[in-house]
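# Analysis of the macromolecular model
Each chain is listed here by its residues.
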Amino acid sequence: MSKITTVYGIPNCDTVKKARSWLSEQGITYEFHDFKKQGVPAERLPQWMQAVGWEKLLNRQGTTWRKLDDATKASAVDAPSAAAVMQEHASTIKRPVVEWADGKITVGFKADEWDTLQNT
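Residues numbered from 1 in each chain as written. Predicted model: local features only at pLDDT ≥ 70, side-chain atom pairs only at ≥ 80, totals over all residues. Heavy atoms only, no water.

### Here we look at the sheet that holds strand β2 (residues 30-34)
Pairing between sheet strands relies on hydrogen bonds along the backbone, with the strands arranged either parallel or antiparallel. The strand order across the open sheet built from four strands is β2-β1-β3-β4, with neighbouring strands paired in mixed fashion. At either end of the open sheet lies a strand with only one pairing partner, and these are β2 and β4 (105-107). Ignoring strand direction, the axes of neighbouring strands in this sheet form an average angle of 20°. Across three bridges, strand β3 (residues 97-99) lies against β4 in antiparallel orientation. Within the sheet, the bridge partner assigned to Val-98 lies in β4 and is Thr-106. Packed on one face of the sheet, helix α1 (residues 14-25) meets β1 (5-9) and β2 and runs near 165° to β2. On top of the sheet, helix α3 (residues 45-52) reaches β1, β3 and β4; it is set at about 80° to β4, its chief contact. (Pairing = 2+ DSSP bridges. Helix = DSSP H or I, 4+ residues; strand = E, 2+ residues; numbered from the N terminus. Axes fitted to C-alpha atoms, helices over the stretch in contact; angles between N-to-C directions. Contact = heavy atoms within 4.5 Å.)

What follows is the structure, encoded as structure tokens:
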């Protein structure tokens, strides 16, 4: 059974759009998991944090983060507390999160990095 690449994100996010276009251009079949419709898969979050670190996964630059109250922002001090914020506010997760068919996990999209990934 071959595993399929899964892209997690929000469909109207520009970075997610670019990532999905890149995958299609490379002929890579993938599934899309919409955080808005399907929520954040609680069982996947710890694996993502382990793979890339909670600091990288938690998007402190985005609009959603800026709109959070100070107490919520201040509560994200370690992996468990950051996971709670990300679980409740899916848009605070840096996008896209990609689980590649080979088991790698990446966050964000940079075409040159993805080119390198596909050639290793």
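### Regarding the nonpolar core
Residues Phe-35, Leu-45, Trp-48, Leu-57, Met-86, Ile-93 and Val-97 are the most contacted members of the largest nonpolar core, which totals 25 residues. Residue assignment for this core shows that the elements contributing at least two residues are α3, α4 (54-57), α7 (79-88) and β4. Once you skip the residues sitting within four places of it in the chain, Met-86 turns out to touch Val-40, Leu-45, Met-49, Leu-57, Leu-58, Thr-92 and Ile-93. In this structure, Ala-19, Leu-23, Val-98 and Trp-100 belong to the second largest nonpolar core, which totals 10 residues. (Core = buried A, V, L, I, M, F, W, Y, C linked by side-chain atoms within 4.5 Å. Buried < 20%, exposed > 50% of the residue type's maximum accessible area, 1.4 Å probe, protein only.)

### Quick notes on the side chain of Thr-5
Turning to its location among the elements, Thr-5 is positioned in strand β1. For Thr-5, a relative accessible area of 3% puts it in the buried group. Here the side chain of Thr-5 touches Ala-101 through a polar contact of 3.1 Å, landing on its backbone nitrogen. Apart from the residues lying within four places of it in its own chain, the contact partners of Thr-5 are Ile-28, Thr-29, Tyr-30, Glu-31, Val-98, Glu-99, Trp-100 and Ala-101. (Polar contact = N/O pair within 3.5 Å; in protein donor to acceptor, adjacent residues only side chain to side chain.)

### A few points about the pairing of β1
Of all five residues that make up β1, five are buried, and the element is covered over most of its length. Neither face of β1 is open: one carries Thr-5, Val-7 and Gly-9, the other Thr-6 and Tyr-8, and all of them are buried.

### Considering the pattern of salt bridges
A full pass over the atoms with the stated rule returns two salt bridges. One salt bridge in this structure joins Arg-44 and Glu-99, with 2.7 Å as the shortest N-O distance. Of the two residues, Arg-44 sits in the loop between α2 (35-38) and α3 while Glu-99 sits in strand β3, which places them 55 residues apart along the sequence. Given a relative accessible area of 5%, Glu-99 falls into the buried group. In this structure, Lys-104 engages Asp-102 in a salt bridge whose closest nitrogen and oxygen atoms are separated by 3.1 Å. Judged by its relative accessible area of 30%, Lys-104 falls in the partly exposed class. Given a relative accessible area of 53%, Asp-102 falls into the exposed group. (Salt bridge = Lys/Arg side-chain N within 4 Å of Asp/Glu carboxyl O.)

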